Amino acid sequence: MTVAATSSTRQRAHVPQTSMFLRMIYRAAVLRRGRALSALVAVCVAAAVSTALLTLQFDARAKLQREFRNYGANIIVAAKDGTSLPLDAPARVDSLLQGRGAWAPFGFVVARTPSGEAIVVAGTNFARARELDQYWSVSAWPVESPCLQPPCAVPALLGVRAAKAFPDHTQSLALTFQGRAIQLATAGTVQTGGAEDSRIYVPLADFTAWTGLSLSTIEIEASGSTAEINTTLDSLTRALPDAEVRPVRRIVEGQARVLSRAGSTMLASALLVVLTAALCVLSTLMGWLFDRRRDFAIMKAIGASDRLLNSFFLVESAALGLAGALPGFLLGLGVAAWISRANFHSALTPRISVLPMVVGGSVIVTLLAAMFPVSRLHRLQPAAILRGE
Amino acid sequence: MFARLVYESFRRQKRRKLLAGSAIALGVTVATAMIAVATGIGDKINRELRSFGSNIVITPQEDSLDLDVGGVSIKPPSDGAFLRESDLPLIKSIFWHHNILGFAPMLPASATIETIQGPQAVAVLGTYFAHPYSYGKETLITGVRTTHPWWRVEGAWPEDGGHDLLAGEKLAARLNIKPGDTVTLAGTAHRVSGILSTGSAEDDELVAPIALAQELLGRPGAVRRVFVSALTKPEDAFARVDPKTLQGAVYDRWYCSPYAQSIAYQLQQAVPNSHAEPIRQVSQNEGVILARVEGLLLLVTIAALLASALTVSAAMANTMFERRAEVGLMKALGAANASVASLLFAETALLCTLASLVGFVLGTVLAHEIGSRIFGSHISVQPVVLPVVLLLAGVVTVAGSAAAIRRAVQMDPVFALRGAA
């Protein structure tokens, strides 16, 4: 027996071992195609589901964050004690944000109507206000056009309650502030259910020309996570030491709360699904390997060492894991892209960092699946398996 | 004999049955939990979205314009019209009263406060903190602690019926007020029970029980506006139509949908001389976020169902495959294909039902756990999920085992017994 084993080892040393090894793996995949294919499909689907969920898990937070921008400003920069903000404040805010958010300047005065009623008039930049306050329901935005033939009526946006208070708002409206008059031409109305409904909005340039006052407030919607918003808040405080910079806690805290809850639910669900997929692969593969205990017994009977058998089954499983994970990854990306389009109406940013996770995870699961049957088969005598016990 | 075969099969193949059973149970657990989470998430996120504040405001119908700059009202507090505090419980009389999570009346007033530098004018805001009120037989608690969850108090919240009040943090810093201090407001001493931080205009004000503000204003029972926090359905095109243009069944459908608009409309009808309106900043966006989260969870649930179905059918295929020899023996003894197949299907069905029930219970526990871990409130599994899950598990199990059963039954017993399949 010892002699035979030694001679067979010596014999095997002559034939190219790697090619035999590869051939065995290849034949294992080709013969019993059905079982191998079902194991491959299981790995592939599990990898696809995991890829889709992990990609979405990362993507959804960013996408959801973007939805919160519709709540409008989450940071307010206001002049201290009713003064105006420094003239370069908008420029500083703009350079700090670098496009990661929106902002709009506002200046406020209390003006009088001809009948002596008080009304808040706000000067702003309509284009910026439109971008910042997407929840405003505006019938028609005023168009800011240079006045070619003075005197021109100033285009204005009327709050719905202000509009109701002046039933003749359809044409024009005359207002006075500290004895100075302005002629407004109503372009449209704004409805929010808030303080805006009682105001009149005019272009900031006309506002300054009329009242002699500059902007007193900049409303900022800083996008990003709570931590990023806090960073923006800090740098704004440093950049504008004379102004009061404060977060709109209602919005910032609400966003953090909803995002973290929704994110945790997504994560918990994703983990559940990934776990189920992994278990599915595990059970399929274990069944497949148990099924091949005869191959195992024959190999062992004709003198294969335990190490060779171990590496044969482990390499085979790892190859299956790889072969299933790669198409699964691509399939999963496709599914995630489709979900992203269906749910968020925007394209998905594929994350390469998910690839090692999915491939690594698949190989680990397939190796785990191989380890259990192999260790059990080791304890069995080949003769017993061959006899069908 | 048939029953005995099934019974013996379960008795003698405990390990194998346990393995297949646990695969089915696991699949059903995940499916149940995910269906529960996906159906419950809307309600949960809707409640979380209430942390953005009230979504409906009720104002007097004939109110003068607000003079509000930077959140600070410069309108004289006595100007304009008021609502009656005694009408407020009517908020709970509307069709969607279960959706009203809370409301907080507001009454701005002003008073002079004695400081070291002499008397100073301060704004005083009267409101409910956690005020009990009753409508019909119900006694409920409402106030800013429900509707304004971002308000933080260092110290203690005052009693609604008492004389204590809160000082906004900026005002407190300026006048050097600490929790427990006494301030003299309009000649009367009041204890400051806590320092309030809100991030808006209230930081510069005193916030008091509404009765105190009414007294300062000299208008007993008056309320300036009421903020209502309601669970609403996401806004769609139908929500935005003017109810006056609707008739008959269409009007009823609009009225009986919990849109912010229709709840506001009902509140306006319920509270005399009032005007109610959705606060667009809050109500508009809820729908979008809710729809996104729900949509996402729905798709994840589909993925979960798919993964569970695969697990179950893979396990079943394995189980059937392992029983070729048994099938061969039965066939060699003269069993007809149909009887062998019906035996295997009966076993499968029994196993599936038992395992699904276990899985359903585990899934309920899991959903409960997810709910309490993440949202601090439990997610309940609707009873209707049970038949759905049972049916799904049945279909998947049968589908998973059908091909394997067919193969096992059609195989020549000789090959099966020789183990050469």
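In this convention, every chain numbers its residues from 1, walking through the sequence in written order. Here chains are named by letter from A upward and ligands by number from 1 upward, in the order in which they appear as written. Local features are withheld for residues below a pLDDT of 70 in this predicted model, meaning they are given only at 70 or higher, and side-chain atom pairs are given and counted only at 80 or more; totals for whole chains, interfaces and linings count all residues.

**Section: the overall build of chain B**
Okay, step 1: Only DSSP runs of H or I with at least four residues qualify as helices, and only runs of E with at least two residues qualify as strands; both kinds are numbered from the N terminus onward. Counting secondary structure elements, chain B contains twelve helices and 16 strands.
Okay, step 2: Radius of gyration means the value over C-alpha atoms here, while the globule rule gives 2.2 Å times the residue count to the 0.38 power. Here chain B has a C-alpha radius of gyration of 33 Å; the compact-globule value for 421 residues is 22 Å, and the former is much larger.
Okay, step 3: By principal-axis analysis of the C-alpha atoms, chain B measures approximately 110 × 55 × 40 Å.
Okay, step 4: Here the C-beta atoms are placed from the backbone, and a residue counts as buried if at least 20 other C-beta atoms lie within 10 Å of its own, exposed if 12 or fewer do, and partly exposed otherwise. Expressed as a percentage of its 421 residues, the buried residues of chain B come to 48%.

**What about the environment of Val389 of chain B?**
Residue and element names in this part refer to chain B.
Okay, step 1: Within the secondary structure, Val389 sits in helix H11 (residues 385-410).
Okay, step 2: On the neighbour-count criterion, Val389 (24 C-beta atoms within 10 Å) is buried.
Okay, step 3: Along the primary structure Val389 and Asn273 are separated by 116 residues, whereas in three dimensions their C-alpha atoms are 51 Å apart.

**Some points on the domain arrangement of chain B**
Okay, step 1: Examined at the domain level, chain B breaks down into domain 1 (2-46 + 289-418) and domain 2 (55-278).
Okay, step 2: Each domain's extent was defined by an automatic or database domain assignment. One C-alpha centre belongs to domain 1 of chain B, the other to domain 2 of chain B; they are set 54 Å apart.

**Details of the interface of chain A and chain B**
It is common to report an interface's size as the accessible area lost on association of the parts.
Okay, step 1: At the interface, 61 residues of chain A touch 56 residues of chain B.
Okay, step 2: Per-element tally for the side of chain A that touches chain B: the top contributor is helix H9 (residues 249-291) of chain A, with 25 residues. Two residues form a contact once the distance between their C-beta atoms, set from the backbone, is within 7 Å.

**What to know about the packing of helix H11 (residues 306-344) of chain A against helix H8 (residues 280-321) of chain B**
Think of two packed helices as two axes; the pair is described by the angle between the axes and how far apart they sit.
Okay, step 1: Between N-to-C directions, angles cover 0 to 180 degrees, with each direction set by a line fitted to C-alpha atoms, over the stretch in contact for helices. For the pair H11 of chain A and H8 of chain B, the least separation of the axes is 9 Å and the interaxial angle reads 150°. The angle between H11 of chain A and H8 of chain B places the two elements in the roughly antiparallel class. The handedness of the crossing between H11 of chain A and H8 of chain B is right-handed. Contacts between H11 of chain A and H8 of chain B involve Ile339, Asn343 and Phe344 of chain A from the former and Arg292, Gly295, Leu296 and Leu299 of chain B from the latter.
Okay, step 2: Classification used: nonpolar for Ala, Val, Leu, Ile, Met, Phe, Trp, Tyr, Cys and Pro, charged for Asp, Glu, Lys and Arg, polar for all others including Gly. Class assignment for the residues of the contact of H11 of chain A with H8 of chain B results in four nonpolar, two polar and one charged. An angle below 35 degrees is treated as roughly parallel, one above 145 as roughly antiparallel, one from 65 to 115 as roughly perpendicular, and anything else as oblique. Take the far helix as the reference: if the near one is turned anticlockwise from it by less than a right angle, the crossing is left-handed, and if turned clockwise, right-handed.

**Topic: the domain arrangement of chain A**
Okay, step 1: In terms of domain boundaries, chain A breaks down into domain 1 (11-66 + 258-386) and domain 2 (74-247).
Okay, step 2: Centre-to-centre separation of domain 1 of chain A and domain 2 of chain A, based on C-alpha positions: 59 Å.

**Focus: the environment of Leu290 of chain B**
Okay, step 1: Mapped onto the elements of the fold, Leu290 of chain B is located in helix H8.
Okay, step 2: Residues within four places of Leu290 of chain B in sequence aside, it is in contact with Gly42, Ile45, Asn46, Leu49 and Pro234 of chain B.

**Side note on the nonpolar core**
Nonpolar side chains in soluble globular proteins tend to end up buried together.
Okay, step 1: By our criterion, buried Ala, Val, Leu, Ile, Met, Phe, Trp, Tyr and Cys residues that link up through C-beta atoms within 7 Å make up a nonpolar core. Among the nonpolar cores identified, the biggest contains 222 residues, and Val77, Val273 and Val281 of chain A together with Ile24 and Ile56 of chain B are the most heavily contacted of them.
Okay, step 2: If you tally residues by element for this core, the top one is H8 of chain B, at 21 residues.
Okay, step 3: Beyond its immediate sequence surroundings of up to four residues, Ile56 of chain B is in contact with Val228, Ala230, Ala260, Ile263, Ala264, Leu267, Ala276, Glu277, Pro278 and Ile279 of chain B.

**A short note on the pairing of strand S16 (residues 274-278) of chain B**
All names here are of chain B.
Okay, step 1: The element S16 is extensively covered by neighbouring structure, given that four of its five residues are classed as buried.
Okay, step 2: A pair of strands counts as paired when DSSP detects no fewer than two bridges linking them. Sheet topology places strand S1 (residues 56-60) next to S16; five bridges connect them, and they run antiparallel. Residue pairing for S16: Val57 is matched across the bridge by Glu277.

**With respect to the confidence of the model for chain B**
Okay, step 1: Known as pLDDT, the predictor's confidence for each residue is given on a scale from 0 to 100. When pLDDT is averaged along chain B, the result is 86, and 99% of the positions lie at 70 or above.
Okay, step 2: For this predicted complex, the interface score ipTM comes out at 0.80, while the overall pTM is 0.79.

**Quick look at unusual backbone geometry**
Okay, step 1: One non-glycine residue, Gln98 of chain A, lies in the positive phi region at around 50°.
Okay, step 2: In this structure, Gln98 of chain A sits in the loop between helix H4 (89-97) and strand S2 (101-112).
Okay, step 3: On the basis of neighbour counts, which here come to 7 C-beta atoms within 10 Å, the residue Gln98 of chain A falls in the exposed class.
Okay, step 4: Phi is positive for Asn176 of chain B, which is not a glycine, with a value near 55°.
Okay, step 5: With respect to the helices, strands and loops of the structure, Asn176 of chain B is situated in the loop between helix H4 (169-175) and strand S11 (182-185).

**Notes on the packing of helix H10 (residues 337-375) of chain B against H11 of chain B**
All names here are of chain B.
Okay, step 1: Here H10 crosses H11 at 150°, and the two axes come no closer than 9 Å. Note on packing geometry: the crossing formed by H10 with H11 is right-handed. Of the residues in H11, those in contact with Asn337, Val340, Ala341, Leu344, Phe345, Thr348, Cys352, Ser356 and Phe360 of H10 are Leu386, Val389, Leu390, Ala393, Gly394, Thr397, Val398, Ser401, Ile405 and Val409.
Okay, step 2: Residues that form the contact of H10 with H11 fall into these classes: 13 nonpolar, six polar and no charged.

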